[in-house]
Amino acid sequence: MLEGKVAIVTGAGRGIGREHALALAEAGAKVVVNDLGGSLSGEGSDAAPAEAVANEIREGGGEASANYENVADFAGAERLVRQAIDDFGRLDILVNNAGILRDRMLVNMTEDEWDAVVAVHLKGHFAPTRHAAAHWRERAKAGENVRGRVINTSSPSGVFGNVGQANYGAAKAGIAGFTLIAAQELQRYGVTVNCLAPNARTRMTEETFDLGARGQGWDPLDPENVSSVVVALCADEAQKITGQVFHVWGGAVNALRGWSSGELFEAPEGWDADALLDALLERFPEGVAPPGMVAGMQAAGGRSLRATQ
Ligand SMILES: NC(=O)c1ccc[n+]([C@@H]2O[C@H](COP(=O)([O-])OP(=O)(O)OC[C@H]3O[C@@H](n4cnc5c(N)ncnc54)[C@H](O)[C@@H]3O)[C@@H](O)[C@H]2O)c1
């Protein structure tokens, strides 16, 4: 399906990103396997995870090179995009997937916990996309019929909201918003931009939730379930599907509708505060509050990450 294409997958040394890299290679793409190789909280670095996945692809007969840049480093992200072009002559697919966690209740969250998580996720999406976009614009301006792909990674925490993840969820909601704008801006160059809100059994969820033991047979939380969505969106035939956020839980893939029109309160000549308060209390006699992440996931066709629930 993706013969001749060149892909970058960030954070591809482990977990969901590793499966994306293997699936893209299996579909025929040449892959730059990026991973900084740090801990779940983003400390340290290690070349081994990216190297191992690049080797795995090569041993399976595919083409791959390893890259160890920090995606939140603007110049490092430029070197990453340059590596794809130097090693394989072009770039067609960018999967922004790298991520870390530093969960804490808001009242106790430190400045570092906020800054590190927002940097890796939000800037770590902006920086590679920015440099890839410049490459695609150059090719489009030279008259090429570009079919570029960006796949971003949000989270149920970002689109539904999860207690204890103000830093992570805010960055992930930002990534969903970034997807909408990048999709609109890059359409003119032939680039689609979509986003995943995945659920999978990885070190991130195993260290954070009690996932329970893996059951017999097909595992809905196997990270490879998420990669089918990536490969499908990267096909040339998906050229007109852009700006979407897909919640993925096993076989349930849901094109979410976020921030759609909701409850309209309209006063033809503007509201005064007393009248608006009366209207709010009348519309919400029992009050109103977000339902939370698990309720959102269930409404979207998934289940709790505790697979048995
Ligand atoms: N596992 C889930 O259920 C789940 C749910 C929602 C969202 N996500 C998102 O999916 C993505 C992948 O997560 P995962 O569960 O596979 O976690 P993971 O920890 O297994 O893999 C993340 C990888 O990203 C790499 N990485 C971290 N910071 C980096 C940086 N600055 N530059 C380059 N590489 C870096 C890590 O070394 C690691 O190998 C993340 O963005 C995560 O937030 C996962």
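Refer to the structure above for everything that follows.
Residues numbered from 1 in each chain as written. Predicted model: local features only at pLDDT ≥ 70, side-chain atom pairs only at ≥ 80, totals over all residues. Heavy atoms only, no water.

Draft legend 1. Examining the overall build of the chain more closely. Looking only at helices and strands, the chain has ten helices and eight strands in total. A compact globule built from 309 residues should have a C-alpha radius of gyration of about 19 Å, and the chain, at 20 Å, falls within 12% of that. Its C-alpha atoms put the chain at 65 × 50 × 40 Å along the principal axes. Scored against the burial criterion, the 309 residues of the chain give a buried share of 49%. If you take every contact in the chain between residues at least 6 apart in sequence, the share linking residues at least 24 apart comes to 70%. Across the chain, the 27 positively charged side chains and the 40 negatively charged ones have centroids separated by 6 Å. (Helix = DSSP H or I, 4+ residues; strand = E, 2+ residues; numbered from the N terminus. Rg over C-alpha atoms; globule rule 2.2 N^0.38 Å. Buried < 20%, exposed > 50% of the residue type's maximum accessible area, 1.4 Å probe, protein only. Contact = heavy atoms within 4.5 Å. Lys, Arg positive; Asp, Glu negative; His and termini not counted. Charge placed at Lys NZ, Arg CZ, Asp CG, Glu CD.)

Draft legend 2. Structural view of the side chain of Gln-83. Mapping Gln-83 onto the fold places it in helix 3 (residues 74-88). With relative accessibility at 18%, the residue Gln-83 sits in the buried group. Within the structure, the side chain of Gln-83 is placed 2.9 Å from the side chain of Asn-67, a separation counted as a polar contact. (Polar contact = N/O pair within 3.5 Å; in protein donor to acceptor, adjacent residues only side chain to side chain.)

Draft legend 3. Highlighting the packing of helix 4 (residues 111-141) against helix 6 (residues 166-186). For the pair helix 4 and helix 6, interaxial distance at closest approach is 8 Å and the crossing angle is 15°. On the basis of the axis angle, helix 4 is roughly parallel to helix 6. As helix 4 runs across helix 6, the sense of the crossing is right-handed. The residues of helix 6 that touch helix 4, namely those facing Glu-113, Trp-114, Val-117, Val-118, His-121, Leu-122, His-125, Phe-126, Thr-129 and Ala-133, are Ala-166, Asn-167, Tyr-168, Ala-170, Ala-171, Lys-172, Gly-174, Ile-175, Phe-178 and Leu-186. (Axes fitted to C-alpha atoms, helices over the stretch in contact; angles between N-to-C directions. Parallel < 35°, antiparallel > 145°, perpendicular 65-115°, else oblique. Left-handed = near helix turned anticlockwise from the far one by under 90°.)

Draft legend 4. Seen up close, the pattern of salt bridges. Under the criterion given, the structure shown has 16 salt bridges. The closest approach of N and O atoms between Arg-214 and Asp-219, which form a salt bridge, is 3.7 Å. With relative accessibility at 4%, the residue Asp-219 sits in the buried group. One connected set of salt bridges, linked through shared partners, spans Arg-90, Asp-92, Arg-139 and Glu-144. (Salt bridge = Lys/Arg side-chain N within 4 Å of Asp/Glu carboxyl O.)

Draft legend 5. View of the site of the ligand. Close contacts around the ligand come from 31 residues, with Asp-35, Asn-70, Asn-97, Tyr-168 and Thr-202 the closest. At a separation of 2.9 Å, an oxygen atom of the ligand approaches a polar side-chain atom of Arg-14. Here an oxygen atom of the ligand sits 2.5 Å away from a polar atom, N or O, in the side chain of Asp-35. Relative to its unbound accessible surface of 820 Å², the ligand loses 98% to contact with the protein. Listing elements by their share of the shell around the ligand, those giving two or more residues are helix 1 (15-26), helix 4, helix 6 and helix 7 (203-206). Top contributing element to the shell around the ligand by residue count: helix 7, with three residues. Here the shell around the ligand is built from residues that sort into eleven nonpolar, 15 polar and five charged. (Near = heavy atom within 4 Å. Areas by Shrake-Rupley, 256 points an atom, 1.4 Å probe, with all protein chains shown as cover. Nonpolar A, V, L, I, M, F, W, Y, C, P; charged D, E, K, R; others polar.)

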